[in-house]
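Residue-level listing of the chains:
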Amino acid sequence: MAARGPARVDHAVSSGTFTLDGETFEVDNNIWVIGDDEECVVIDAPHSVADILEVVGQRTVKAIVCTHAHDDHVRVAPALRETVVAPIMLHPADKPLWELTHTDVLWDVDLADGVRIEVGGTTLEVLHTPGHAPGAVCLYVPDLGCVFTGDTLFQGGPGATGRSYSDADLIAQSIRARLFALPEETVVHTGHGADTTIGAEKARLA
Ligand SMILES: [Zn+2]
């Protein structure tokens, strides 16, 4: 049996496409895996099951948590579920987006604000942060001093709100009320691109 270390965050980048409102773009998505040597949670399931499994390694996957249901975050979630036998978790407000990508299968467990997901001796706390998508969530990990923001907050500002099911006022409200309430030194792991911190983004938007 492998020795259990403290929980850690592992990361890779996966390339593919994002399609919405009849337009398709090339995108690089971050794959985030949090856990210890035995078990982990996968945050978002973008373009390739193989890319995700490379980060997971031999560990047991406890859950596949989707930050929102844009196709570049959920495309391979059902295929990954088949491979690792773990539940897909999604906020139900993103059902209309999910159904644009997956017409024949659903996710398994509804996420809601305040839900806690335990893995590898640490806890992910679900923050419902609608705006980029109605069911967009962030996952705050107080033990590790980090938050996974999906497409709600990037290095440089809020996520896009120009397409269907997005709301610019709502994302601003979510970021100010929920994310900017976190400690300033909290590291922000985003859905695309580089990390930032709550303090850096707060200063930028001030
Ligand atoms: Zn998105």
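This write-up is about the structure you can find in this document. (Residues numbered from 1 in each chain as written. Predicted model: local features only at pLDDT ≥ 70, side-chain atom pairs only at ≥ 80, totals over all residues. Heavy atoms only, no water.)

### Digging into the packing of aromatic side chains
Part 1: Under the definition given, this model contains three aromatic pairs.
Part 2: Where Phe-18 meets Phe-25, the ring centres are 6.3 Å apart and the plane angle is 25°; that geometry is what we call stacked.
Part 3: On the accessibility criterion, Phe-18 (12% relative accessible area) is buried.
Part 4: Note on Trp-98 and Trp-107: the rings are 5.6 Å apart at their centroids and 75° apart in plane angle, and the pair reads as edge-to-face. Taken as a pair, Trp-98 and Trp-107 share a single burial class, namely buried. (Phe/Tyr/Trp six-rings, centres within 6.5 Å; stacked < 30°, edge-to-face > 60°. Buried < 20%, exposed > 50% of the residue type's maximum accessible area, 1.4 Å probe, protein only.)

### Concerning the sheet that holds strand 3 (residues 39-43)
Part 1: Ordered by their spatial adjacency, six strands build an open sheet running 1-2-3-4-5-6, and the pairing between neighbours is mixed. Edge strands, defined here as strands with exactly one partner in the open sheet, are strand 1 (8-20) and strand 6 (109-110).
Part 2: Note: strand 1 against strand 2 (residues 23-35), 13 bridges, orientation antiparallel. Within strand 2, the position partnered with Arg-8 by the bridge is Gly-35.
Part 3: Contacts from helix 3 (residues 77-84) reach strand 3, strand 4 (60-65) and strand 5 (88-90), with the element oriented near 160° to strand 4. (Pairing = 2+ DSSP bridges. Helix = DSSP H or I, 4+ residues; strand = E, 2+ residues; numbered from the N terminus. Contact = heavy atoms within 4.5 Å. Axes fitted to C-alpha atoms, helices over the stretch in contact; angles between N-to-C directions.)

### Side note on helix 5 (residues 168-179)
At 3.6 residues per turn, the α-helix brings residues three or four places apart onto the same side.
Part 1: Here helix 5 spans 16 Å end to end across twelve residues, near enough to the 16 Å set by a 1.5 Å rise per residue.
Part 2: Turning to helix 5, its buried residues are Ile-171, Ser-174, Ile-175 and Leu-179. Down the axis, helix 5 shows its buried residues gathered within 95° of arc, on one side only. Away from the buried face of helix 5 by more than 90 degrees, exposed residues Asp-169 and Gln-173 are located.
Part 3: The elements touched by buried residues of helix 5 are strand 8 (122-128), strand 9 (137-141), strand 10 (146-150), strand 11 (153-154), strand 12 (157-158) and helix 6 (198-205).
Part 4: Sitting at the head of helix 5, Asp-167 places a side-chain oxygen 3.1 Å from the backbone nitrogen of Asp-169. (Expected span 1.5 Å × (residues − 1). Arc of directions from axis to C-beta. Polar contact = N/O pair within 3.5 Å; in protein donor to acceptor, adjacent residues only side chain to side chain.)

### A word on the nonpolar core
Part 1: Grouped together as the largest cluster of nonpolar side chains are 30 residues, with contacts concentrated most on Ile-52, Val-61, Ile-64, Leu-80 and Trp-98.
Part 2: At the level of secondary structure, the elements contributing two or more residues to this core comprise strand 1, strand 2, strand 3, helix 1 (49-56), strand 4, helix 3, strand 5 and helix 4 (95-101).
Part 3: Those residues in contact with Val-61 that lie beyond four places of it in its chain are Cys-40, Val-42, Val-56, Val-84, Val-85 and Ala-86.
Part 4: In terms of nonpolar packing, the next biggest core, distinct from the first, is built from 17 residues, Trp-32, Ile-117, Val-119 and Cys-146 among them. (Core = buried A, V, L, I, M, F, W, Y, C linked by side-chain atoms within 4.5 Å.)

### Thoughts on the coordination of the zinc ion
Part 1: For the zinc ion, the protein coordination sphere consists of His-68 (NE2), His-70 (ND1), His-132 (NE2) and Asp-151 (OD), at 2.1 to 2.3 Å.
Part 2: Here the zinc ion is ringed by four donor atoms whose angles at the metal span 89 to 171°, and the overall shape comes out irregular.
Part 3: All donors of the zinc ion belong to a single chain; written as a sequence motif, their spacing is H-x1-H-x61-H-x18-D. With a gap of 83 residues between them, His-68 in the loop between strand 4 and helix 2 (71-74) and Asp-151 in the loop between strand 10 and strand 11 connect regions that are remote in the sequence. The pair His-68 / Asp-151 is uniform in exposure class, with both members buried. (Donors = N, O, S within 2.8 Å, 3.2 Å for Na, K, Ca; no water. Tetrahedral: all angles 85-135°; square planar, octahedral: opposite > 155°, others 65-115°.)

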